[in-house]
Every structure is written in structure tokens, then in C-alpha cells.
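Each chain is listed here by its residues.
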Amino acid sequence: TFFAELEHLDKRGLKHQGRLFVSDRAHLVLDLHMIVDGLKEQELSAGAASIGTTRRGIGPAYSSKASRGGIRVGDLNFFEQTFKPKFLRLVENKHKRFGAFEYDVEAELKRYTEYVERLRPYIVDSVQLIHQYVHEGKRILIEGAQSTMLDLDFGTYPYVTSSSSSIGGACTGLGIPPQKISTSIGVVKAFTTRVGAGPFPTELLDETGEAIRKEGREFGTTTGRPRRVGWLDITALKYTMMINNFTFINLAKLDVLSIVSELSIGVSYTYKGETLKAFPSNLEVLAECQVVYEKMPGWKCDISKCRTFLDLPEQAQKYILRIEELLGAPIRWIGVGQDRTAMIDRFPDM
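Residues numbered from 1 in each chain as written. Predicted model: local features only at pLDDT ≥ 70, side-chain atom pairs only at ≥ 80, totals over all residues. Heavy atoms only, no water.

## Thoughts on the overall build of the chain
Which entries qualify depends on this criterion: The numbering of helices and of strands both runs from the N terminus, where a helix is a DSSP run of H or I of at least 4 residues and a strand a run of E of at least 2. The quantity called the radius of gyration is restricted to C-alpha atoms. Its globule counterpart is 2.2 Å times the number of residues to the power 0.38. When a residue's accessible area, from a 1.4 Å probe over protein chains only, is under 20% of the maximum for its type it is buried; when over 50% it is exposed; and in between it is partly exposed. Pairs of residues are marked as contacts when any of their non-hydrogen atoms sit within 4.5 Å. The Shrake-Rupley method, run with a 1.4 Å probe, gives the accessible areas here. Residue values count only the displayed protein chains as cover. The charge count treats Lys and Arg as positive and Asp and Glu as negative. His and the chain ends do not count. Just so you know, the charge point we use is NZ for Lys, CZ for Arg, CG for Asp and CD for Glu.
Per the secondary structure count, the chain includes 11 helices and 12 strands. Since a compact globule built from 350 residues should have a radius of gyration of about 20 Å, the 23 Å found for the chain is in line with a globular shape. Each of the 350 residues in the chain was classed as buried or not, and the buried ones make up 42%. Across the chain, the fraction of contacts at a sequence separation of at least 24, relative to all contacts at a separation of at least 6, is 68%. Of the roughly 20100 Å² that the chain leaves accessible, carbon and sulfur atoms contribute 52%. Charge centroids of the chain, computed over 45 positive and 43 negative side chains, lie 3 Å from each other.

## Things to note about the environment of E41
Secondary-structure assignment places E41 in helix α2 (residues 31–46). Judged by its relative accessible area of 4%, E41 falls in the buried class. Here the alpha-carbon distance between E41 and R55, two residues 14 residues apart in the chain, equals 8.0 Å.

## Some details on the sheet that holds strand β12 (residues 343–345)
To keep things clear, this is the line we draw: Pairing between strands requires that DSSP locate at least two bridges from one strand to the other. All axes here are fitted lines through C-alpha atoms, helices being fitted over the stretch that makes contact, and every angle between N-to-C directions spans 0 to 180 degrees.
Across the sheet, which stays open at both edges, the 4 strands sit in the order β3-β7-β11-β12 with mixed pairing between neighbours. Since the sheet does not close on itself, it has two edges, and those belong to β3 (185–189) and β12, each with one partner. Pairs of neighbouring strands in the sheet enclose a mean axial angle of 20°, with direction left out of account. Pairing of strand β11 (residues 331–335) with β12, which is carried by 3 bridges, proceeds in the antiparallel orientation. Across the sheet, the residue bridging to G335 is M343, located in β12. Helix-sheet contacts for helix α11 (residues 314–327) involve β7 (248–252) and β11, and the interaxial angle to β11 is about 140°.

## Focus: the pattern of salt bridges
As a working rule, side chains carrying opposite charge can pair if their charged atoms are close by. To keep things clear, this is the line we draw: Between Lys or Arg on one side and Asp or Glu on the other, a salt bridge is scored when a side-chain nitrogen of the former is within 4 Å of a carboxyl oxygen of the latter.
Counted under the stated rule, the structure contains 20 salt bridges. The network of salt bridges with shared partners includes K189, E218, R227 and K253.

These results come straight from atomic positions and should not be treated as a statement about function.
Now the structure itself:
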């Protein structure tokens, strides 16, 4: 995947040498991990407990890492001494766990022998490099993958990813001290989506949900699976605010809701007749929660050309201000279309 992306950049004439780096501490996701991912999902499916993974090997790679059997990028620099023995032990371990399965060990070893020299120019000590940039006073933008609700510790476990996808991942993944993080931006869709299984209190299983899915092109990037779609969930967003302490909110895909005549915002949960104070950790509780909604009128017009807050229809302005009020955090950026310039910055002088 990495080399395919490099070739794509080359075809577009984009220079990446000296600009793109791979940490020597990053763990490798092998074809073996992808096979194991499928085998594990089959086991869970047999017990009606499928997680709904992408089957790209991410979970098994993290399992190898946590059990101290993982293989890191830096190991490729010592192929015979380190990479190969680790790799063979990993294969042996998975055969013991899952029995016989088809996997060409020699072909995988040969492939990585070829990868070593191609990858070597990109391998760096990422901790040293990042701290060099910090010392030089450079501005560093860290983009988190997945979302807080898929965080291994704070998400809807076990229907989560395998990493720390909340703000803590910036520290554990890059070795950055928390005091160095000056701004935290929460990227939030104007509605809620989810890929995979698990409770989804504000999910729309009707024509409105299907229309939002199609309008927003809500299909998994990796798998192409249709994403589950629902109304904006303030309880979940407040929970992510608690964990990440967002400085600003970037409200994305507001334009998608232009097709809806009446909007709903999930403002709270009730469980057995009582209003919950926070997002529940227990999925049995979450599955039985009732959502309290506030309804607001839609705007039913094209907003893709709007470039200031006041350009937006009054109904859209009220929707944004109500979300801001409920969350207690300023919504600075508002996505109003697919174009890169289709963005409103409410506080451009900050």
C-alpha cells in the first residue's frame, strides 16, 4: 500500500523524497495479519459476536505488538539477525493458534527482502525528528485517524479500533509531551456515522438515513461498506469533549443536510426513565437508551457557495449555534461543500 501511494504521487509529479518519513518504531502489518484477521472474524461470527472489522490486519498487528511479538520497521535494517527470526516465530505462533491455513512464507520473506532497500531512505527516528521540529519552533499538525468513539480505551468497546484514536494517541504514538499540544480541533460531521457493528442510539433506518448516506457518499474508505447514518448525537460529542478538551470544532458536511426538511438533534439519553449524566460505558445500557430529540427546521437550499456565517440561511445558522450552545465549545470551521475552498472560518483573525 505504501509503495502504491508513492507511485501515485510520482505519477502526479509530487515530490516526496525528504518530505515523507516512516518511523523506525512503527509496526508492520503483514499479509499474515490480514489472514489472521479474517480467521478471527470467522470465529466471532460463529458466535454471533462479529466486530465488523475491515479485515486489513490492523487488530492482529496490534495484538502482536501488545504481546511483544510484533515486527517494527527498524527491524528491516537487520533483516537476517532480527526481522527473519521474528517473522518465523510469528508464523509459527499463528499456526499453533489457528491451525493449518494457506500462507506462503517464502514469498512473504522474498517480498520484504525487496522492500528493505526501497523503504530504507524513508526510515527515521521519529521521536528525534519531531522534537527537532519542536525545538526549531515549527508548527506541527497531527491528524488523528478513526475517532474517539472508536478509541480502544474510551470507545464503544469491543466495537472499536485497536489504537488510541483520541488525543492521547498524539503522545503515545509520536512521543510528544502533552504540554506541547497547544490546540485541539474536533472534526465533527453535522450528522453521525458509524462503520461496523455496535449500538448506535441516533441511527436512522429509514428513507431519511438512506438519503443522507447517498448525498454524503457515506461508504467506507477501505471496504466500501455503507456507513450507518444517524442524527447528531450531543451525548456522544460531550463525552469526546471531556476526553479531548477541544479548543475549536470543525463542523463538516453541513451541506449534506440541505436535503432534509426537518432536522433532529439528539440532546440526551434516558435509561429506565432517568436521564443519564454521561455516555455509558456498558453497551447493554447503551443499547436500551432512549434518545431525547430537539427538532429544528431545515433550509432546503444550496449552501456550497457560502463563505461567511451570515451567508448561510437563518435555519442553518440556528442549527450551528444550537450545537455550539449544547457542546460549550466554539464551532470555528463549517464545511459547506466538496470543494477544498467550501469552508467557512468564523474566526479568521484568531
